[in-house]
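# Observations on chain architecture
This is what each chain is made of:
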Amino acid sequence: IKSDTTVTVEEFAKLMGIKGFGRNKMFNFLRQQFILMNTATSQPYQKYLDAGWFKLAVKDSEHRTSNQTLISGKGISKLRMVLAEFYPEVVNLVT
């Protein structure tokens, strides 16, 4: 995985290929592991931003500005290892 690659949490959930595990379950899992904050914005804790696991992208719309949490190439590799502790089928994925 290239270091400049970023994916959304939804794309990451699909990439991991865990049956029945989509965007919402991935957000919940990352909150339960204290990787994302348990807030409406689901932003990563600062230590994971500093470690390069995530990037925040600013999204501007007509009515508001918001941040979108993106997972970096490094984050994909690290989060895959975290997931593999709970979902062994993730270990067999080729990335």
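As a starting point, this report considers the structure included with it. Predicted model, so just to flag it, every value in this text is computed and none were measured.

## Remarks on the environment of F21
Mapping F21 onto the fold places it in the loop between α1 (9–16) and α2 (23–32). With a relative accessible area of 10%, F21 lands in the buried category. When the C-alpha atoms of F21 and E10 are compared, they prove to be 9.8 Å apart, with eleven residues separating the residues in sequence. Excluding anything up to four places from it in sequence, F21 contacts A13, M26, F29, L83 and Y87.

## Side note on the packing of aromatic side chains
If you walk through the whole model with that rule in mind, you get five aromatic pairs. When the centroid spacing of 6.2 Å and the interplanar angle of 65° are considered together, the rings of F29 and Y87 count as edge-to-face. Of this pair, F29 sits in helix α2 while Y87 sits in the segment after α4 (73–86), placing them 58 residues apart in sequence. Residue classification places F29 among the buried positions, given a relative accessible area of 5%. On the basis of relative accessible area, Y87 is assigned to the partly exposed category, the value being 25%. Within the aromatic cluster, the residues linked to one another by ring pairs are F21, F29, F86 and Y87.

## Here we look at unusual backbone geometry
Backbone phi values are negative for most residues with the exception of glycine, while trans is the configuration of most peptide bonds. One non-glycine residue with positive phi stands out, namely F34, at about 60°. The topology assignment puts F34 in the loop between α2 and α3 (46–50). Its identity is not glycine, yet S42 carries a phi of approximately 50°, on the positive side. Summarising the element assignment, S42 is placed in the loop between α2 and α3.

## Concerning the side chain of T69
With respect to the helices and strands, T69 occurs in strand β3 (residues 65–72). In terms of polar contacts, T69 uses its side chain to reach the backbone carbonyl oxygen of S42, at 3.4 Å. Apart from the residues lying within four places of it in its own chain, the contact partners of T69 are T8, V9, L36, T41, S42, Q43, P44, F54, K55 and L56.

## Points about the sheet that holds β3
Strand order in the open sheet formed by three strands is β1-β3-β2, with antiparallel pairing between adjacent strands. This sheet does not close on itself; its edge strands, each paired only once, are β1 (6–8) and β2 (54–60). On average, each strand axis in the sheet is inclined to that of its neighbour by 45°, with strand direction left out of account. Pairing geometry for β1 and β3, over three bridges, is antiparallel. For V7, the partnering residue across the bridge sits in β3 and is I71. α1 rests against β1 and β3 of the sheet, and its axis sits at about 95° to β1. α4 contacts β1, β2 and β3 of the sheet and is inclined by roughly 65° relative to β3.

Conventions used here
- Residues numbered from 1 in each chain as written.
- Predicted model: local features only at pLDDT ≥ 70, side-chain atom pairs only at ≥ 80, totals over all residues.
- Heavy atoms only, no water.
- Helix = DSSP H or I, 4+ residues; strand = E, 2+ residues; numbered from the N terminus.
- Buried < 20%, exposed > 50% of the residue type's maximum accessible area, 1.4 Å probe, protein only.
- Contact = heavy atoms within 4.5 Å.
- Phe/Tyr/Trp six-rings, centres within 6.5 Å; stacked < 30°, edge-to-face > 60°.
- Polar contact = N/O pair within 3.5 Å; in protein donor to acceptor, adjacent residues only side chain to side chain.
- Pairing = 2+ DSSP bridges.
- Axes fitted to C-alpha atoms, helices over the stretch in contact; angles between N-to-C directions.

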